[in-house]
Amino acid sequence: MGRTARDRREHLPKPVQKIELNARHMKMRLALAIFLLLGGVGLIFYSMRGPAVQAGWTEIRADAGDAGCAADFTFLYPLGTTGSPRAEYRALTALYTGACRDAGRIFGNDAAEDVHNIRFLNDHPNEEVQVDPGLYAALEQIAESKDRSLYLAPVYEIYNGVFHCEDVSETAYFDLRQNEELRDWFGQVCAYAMDPAQVDLELLGDNRVRLKVSDEYLAFAQAEEIGSFIDLYWMKNAFIADYLAARLADNGYSIGTLSSADGFLRNLDAAGETDYSLGLYGLEGNEIRSMGVLHYRGAQSFVCLRSYPLTEDAGDYCALPDGRVLTPFLDVQDGLCKSAVSDLTAYAKSAGCGEILLNLIPVYITEEFAPERLEELADEGIQSIGYWDGELHYTEETLDVETESGQ
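Before going into details, it helps to say that this report is about the structure given with it. Computed from a predicted model, the values in this text were never measured in an experiment.

### Considerations on the pattern of salt bridges
A full pass over the atoms with the stated rule returns 15 salt bridges. The salt bridge partner of Arg61 is Glu59, with a shortest N-O separation of 3.3 Å. In this structure, the salt-bridge partner of Asp123 is Arg119, at a minimum N-O distance of 3.0 Å. Here Asp123 and its partner Arg119 are both found in helix 3 (residues 118-123), four residues apart, which amounts to about one turn of the helix. With relative accessibility at 14%, the residue Arg119 sits in the buried group. Through salt bridges with shared partners, a single ionic network connects Glu128, Glu202, Arg208 and Arg210.

### As for helix 7 (residues 215-223)
Looking at helix 7, one finds that the buried residues are Tyr217, Phe220 and Ala221. Buried residues of helix 7, seen end-on, are gathered within an arc of 100° and therefore sit on one face of the element. Residues of helix 7 that are exposed and angled more than 90 degrees away from the buried face: Asp215, Gln222 and Ala223.

### Re the environment of Asp269
Mapping Asp269 onto the fold places it in the loop between strand 7 (264-267) and strand 8 (275-284). For Asp269 and Gln300, which are 31 residues apart along the polypeptide, the C-alpha to C-alpha distance reads 8.0 Å. Those residues in contact with Asp269 that lie beyond four places of it in its chain are Ser254, Ile255, Gly256, Thr274, Tyr276, Gly298 and Ala299.

### Points about empty space enclosed by the protein
Under the criterion given, the structure shown has one cavity of 30 Å³ or more. Quantified by volume, the largest cavity comes out at close to 70 Å³. If you go around the largest cavity, you meet 13 residues; those closest to its centre are Leu280, Tyr281, Asp343, Thr345 and Ile385. Going through the elements one at a time, strand 8, strand 10 (300-306), strand 13 (343-348) and strand 14 (383-388) are the ones with two or more residues in the lining of the largest cavity. The class makeup of the residues in the lining of the largest cavity is eight nonpolar, three polar and two charged.

Each value, and the rule that gives it
- Residues numbered from 1 in each chain as written.
- Predicted model: local features only at pLDDT ≥ 70, side-chain atom pairs only at ≥ 80, totals over all residues.
- Heavy atoms only, no water.
- Salt bridge = Lys/Arg side-chain N within 4 Å of Asp/Glu carboxyl O.
- Helix = DSSP H or I, 4+ residues; strand = E, 2+ residues; numbered from the N terminus.
- Buried < 20%, exposed > 50% of the residue type's maximum accessible area, 1.4 Å probe, protein only.
- Arc of directions from axis to C-beta.
- Contact = heavy atoms within 4.5 Å.
- 1 Å grid on protein atoms, 1.4 Å probe; cavity = no way out; pocket = protein on both sides within 12 Å on 5 of 7 lines; lining within 4 Å.
- Points joined across faces, edges and corners; volume = space filled by probe spheres on them.
- Nonpolar A, V, L, I, M, F, W, Y, C, P; charged D, E, K, R; others polar.

Right under this line is the structure:
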């Protein structure tokens, strides 16, 4: 086969043409070049400094690339309190981003590289595991409270299917009042969850934990394809709020507010020089009503439990066709979701969200409401305010509440 040589002259550079430029055009081009250069430098400088930061209350957002649990929380801080607003903003953003990233990994039931979290404990039953001090503190609180909600992990997994059904008709399978077979299965799981001889946490000190699981429960879990024995699930953000507050305080930030969409709030204002308010709500029939505003000062922790979603991102709820609302507030006795009243808020100056929640669970997740138990909690420093029998009730006599009537 013969070869044909291609004419490559068309690819050779063309002869340089000389173009005469007059002095006026040269000056204009030089000015334009200098203008563009200065503009480029300005844009680079602006991008390095970021947008203007003003003194005053500002939302601190975690960096999107590694935000961890930040999507669940809102962090507000009065910039300019200790120095330059811009310097505070940068420092707080970095600190908050790291804290949210760590909290999401530490308290989650998803595998995280190089982290001994809830998932790691589930994957290593009956082994001694060194965990993060923040997680150890939370597990210690749970163990001291004797609450067994942590051990409902297999039931939580089923309910998670309810809250993420794309079609409401799919919820019938997950509704225990409609599915007797599933209710029996829940009964078996709850029997294991309530029995410390079957599953329990052994706290060994120095942040060492052993998740003890009996051979019987291990065999049941294998047969039923159960992958988790413990899960903080809906309680997780209570302990994360405490963790984030501690990280901020340890780094010298003793002011600002942290709040989660599912009802956990930490006010860090140790000085108590600023006025704050908290909206109060109540459910009458199918109507959500604003009951008033709670005014307060100083560092406090709040836990707000509701039998309905106040906002679209309020947590895991599922409205059924018959008007009932399924919630994540499950009774360890039978796995059924229960709310003694529609709205109950508890708060304290000397306790975190986790401690408050653990004290509130036996009062709230039950079919028979006992308001006298709230008085007992008040004697221990945990006050409460709630809506039942058509009106607001509260345990603190000096509470500053502005109702809808203005009183």
